[in-house]
Amino acid sequence: PKAAKKTLYSKPPAFLLLLGDLLPQKAPLPFKTEQIDFAKEFRSLFASPSFRAVYERLPVIHAFGSRVVSVTQADPVSIPERAASAYDAFSQSASYPPTSRDGKYFEFKYGDNAFFVLDTTTHRSPVVKADDPSATEPTLLGAAQVAELFAWAAKVNHTTTFKFVVSPVPFSQLWGPSWTTEQTWADYPGERARVLDMLSTVLNLVIISGGPHEFAHIKYFDGKVPEFVTGPLSADCALPISTWGPLQSRATIKVMNETKVVKLPPVGYESVEEADTIVLEDIKEVAEEQLVKHVRAGNHKWSTFEVDTTVPQSPILTVTLVIDGEERYQALITGQQVPFRKTSAVGAVLTGGLKGVLGKMGFGRLFGKH
């Protein structure tokens, strides 16, 4: 779009993250699911003048998302493999190499920032029926990718200032059942909860996600973990569907903060240490997910993420929503100071909370427990 070209020239970004919707929803056609069909679609995309104007001027990093291949089509096993082959040739080869051979997730650093780009397609397991007690828990990421994500979080927690988890589908469940399940974590609540719990222990962690052709700023754990649902860079339209309605924050959960208050020593005591200690439990109810901002309209939407770490005590992330070339919303995230550690040993950079989460999931070996 012309609006994107204008931004490229006026305020050129360092790179562009594409979160999975590389192909139009109509492509490929239902009966064109061979490798050559996907290759033709990718070739057409990269040959288009509008997309060439983007990738010829800045690096483009691709995520392997659900729109690359529809997992709801017939023959769901081999179709992703055929799509993946075309994706490898046109997109993955120009991005960072995968962390593992059995997936398309990867990590990279830019400046004082660390990124982990998820693969939410390759290891997506079938949905488990609620009345089947013998079925194993479904997974969106797969055990290997979850382990790599947890290890990455431990590695970068005290070695970079801002950490970004990039997901082709949103963690948020605010869209509810009206949105297609392949575009959300709706069918994988257990894995989602464990991943979010772990992410809440990481300093200055931000989630960037795609999927819905809408923008949303959401926060978890009373604002500790923000998520920004971005896009689309270009779409035919952003039509409201009658079954959608406005997004609303989900049911409340309790958050308890323990506060210790020490009494002043009464007459007869020599020091404060000898006085009694009162422990107060400050319990408040907050929404499981809190919606900060939601914007549905706009055919050309993108978000810019600008990091300022010139003041280590208060690093700042500025997120700006741009619609058709005009800035429409801005969020300011003030991070915590990171106590940097030079060691690269995984166990040495784990916080106590993160160690506990990893240990419960059986990853104690990552920090020396066997």
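None of the values given here were measured: they were computed from a predicted structure.

**Student:** Just checking my understanding: could you explain the overall build of the protein for this structure?
**Tutor:** Summing up its helical and strand segments, the protein has 7 helices and 14 strands in all. Long-range contacts, defined as pairs at least 24 residues apart, comprise 65% of the intrachain contacts of the protein with a sequence gap of at least 6. A total accessible area of about 19,000 Å² is found for the protein, and carbon and sulfur atoms account for 54% of it.

**Student:** How do you make sense of helix α6 (residues 189-199) when you look at a structure like this?
**Tutor:** Helical periodicity: at 3.6 residues per turn, an α-helix aligns residues three or four positions apart in one direction. Every buried residue of α6 is accounted for by E191, R192, V195, L196, M198 and L199. Projection of α6 onto a plane perpendicular to its axis shows the buried side chains occupying an angular sector of 160 degrees, all on one side.

**Student:** Please clarify how the nonpolar core should be interpreted in this entry.
**Tutor:** Generally speaking, nonpolar side chains in soluble globular proteins are found buried as a group. L149, W152 and F171 are the most contacted members of the largest nonpolar core, which has 31 residues in total. Ranked by residue count, the leading element in this core is helix α5 (residues 143-156), at 6 residues. Counting residues in each nonpolar core, the second largest holds 23 residues, with A63, F162, V295 and Y329 among its members.

**Student:** Explain the sheet that holds strand β12 (residues 301-308) here, please?
**Tutor:** Strand pairing in a sheet takes place through backbone hydrogen bonds and is either antiparallel or parallel in direction. Read from one edge of the open sheet, 3 strands run β12-β13-β14, paired in antiparallel fashion. Each edge of the sheet is formed by a strand with only one pairing partner; in this case those strands are β12 and β14 (326-334). Averaged over all pairs of adjacent strands, the angle between strand axes in this sheet comes to 20 degrees, irrespective of strand direction. Inspection of the sheet shows β12 paired to strand β13 (residues 316-323) by 8 bridges, in the antiparallel sense. Counterpart to S303 in the pairing with β13 is L321.

**Student:** Quick question: what am I supposed to make of the packing of α5 against α6 here?
**Tutor:** Describing two packed helices takes the angle between their axes plus the distance from one axis to the other. Viewed as axis vectors pointing N to C, α5 and α6 meet at an angle of 10 degrees, and their least axial separation amounts to 11 Å. Between α5 and α6, the angle falls in the class roughly parallel. The segment α5 lies against α6, with V146, L149, F150 and A153 engaging E191, R194, V195 and M198. Its residues placed into classes, the contact of α5 with α6 shows 6 nonpolar, no polar and 2 charged.

**Student:** Looking at this structure, how should I read the confidence of the model for the protein?
**Tutor:** Reading fine detail from the predicted coordinates is not recommended where pLDDT is low. Summarising the model, the protein shows a mean pLDDT of 74, and 61% of its residues fall at 70 or more. Contacts for the low-pLDDT stretch residues 26-31, under 50 throughout, to residues beyond four places or in other chains number 4 contacts. Counting contacts from residues 69-79, a segment whose pLDDT is below 50, to residues more than four positions away or on other chains yields 19 contacts.

**Student:** Would you take a moment to explain the packing of aromatic side chains for this structure?
**Tutor:** Here a ring pair, both rings aromatic, is described through the centre-centre distance and the interplanar angle of the planes. Tallied over the full model, the rule gives 13 aromatic pairs. A network of ring pairs unites the aromatic residues F15, F106, F108, Y110, F115, F162, F164, F228 and F305 as a single cluster.

**Student:** Would you explain the pairing of β14 in this entry?
**Tutor:** A regular strand places its side chains on the two faces of the sheet in alternate fashion. Pairing of β13 with β14, which is carried by 8 bridges, proceeds in the antiparallel orientation. Pairing of V322 across the sheet is with E327, part of β14. Joining the antiparallel neighbours β13 and β14 is a turn of 2 residues, in which D324 adopts a positive phi near 50 degrees.

**Student:** Is there a simple way to think about the sheet that holds strand β4 (residues 113-117) in this case?
**Tutor:** Strands sit in the order β3-β4-β5-β6-β8-β7-β11 across an open sheet of 7 strands; the sheet is mixed. The two strands at the open ends of the sheet, each matched to only one other strand, are β3 (106-110) and β11 (289-295). Here the strands of the sheet are splayed against their neighbours by 20 degrees on average, with no regard to which way each runs. Relative to β4, β3 is paired through 5 bridges, and the arrangement is antiparallel. Residue Y110 lies in a different strand from β4, and its bridge partner there is N113. Set on the sheet, α5 makes contact with β3, β4, β5 (162-167) and β6 (205-209); between it and β4 the angle comes to about 175 degrees.

Reading the values: rules and limits
Residues numbered from 1 in each chain as written. Predicted model: local features only at pLDDT ≥ 70, side-chain atom pairs only at ≥ 80, totals over all residues. Heavy atoms only, no water. Helix = DSSP H or I, 4+ residues; strand = E, 2+ residues; numbered from the N terminus. Contact = heavy atoms within 4.5 Å. Areas by Shrake-Rupley, 256 points an atom, 1.4 Å probe, with all protein chains shown as cover. Buried < 20%, exposed > 50% of the residue type's maximum accessible area, 1.4 Å probe, protein only. Arc of directions from axis to C-beta. Core = buried A, V, L, I, M, F, W, Y, C linked by side-chain atoms within 4.5 Å. Pairing = 2+ DSSP bridges. Axes fitted to C-alpha atoms, helices over the stretch in contact; angles between N-to-C directions. Parallel < 35°, antiparallel > 145°, perpendicular 65-115°, else oblique. Nonpolar A, V, L, I, M, F, W, Y, C, P; charged D, E, K, R; others polar. pLDDT = per-residue confidence, 0-100. Phe/Tyr/Trp six-rings, centres within 6.5 Å; stacked < 30°, edge-to-face > 60°.

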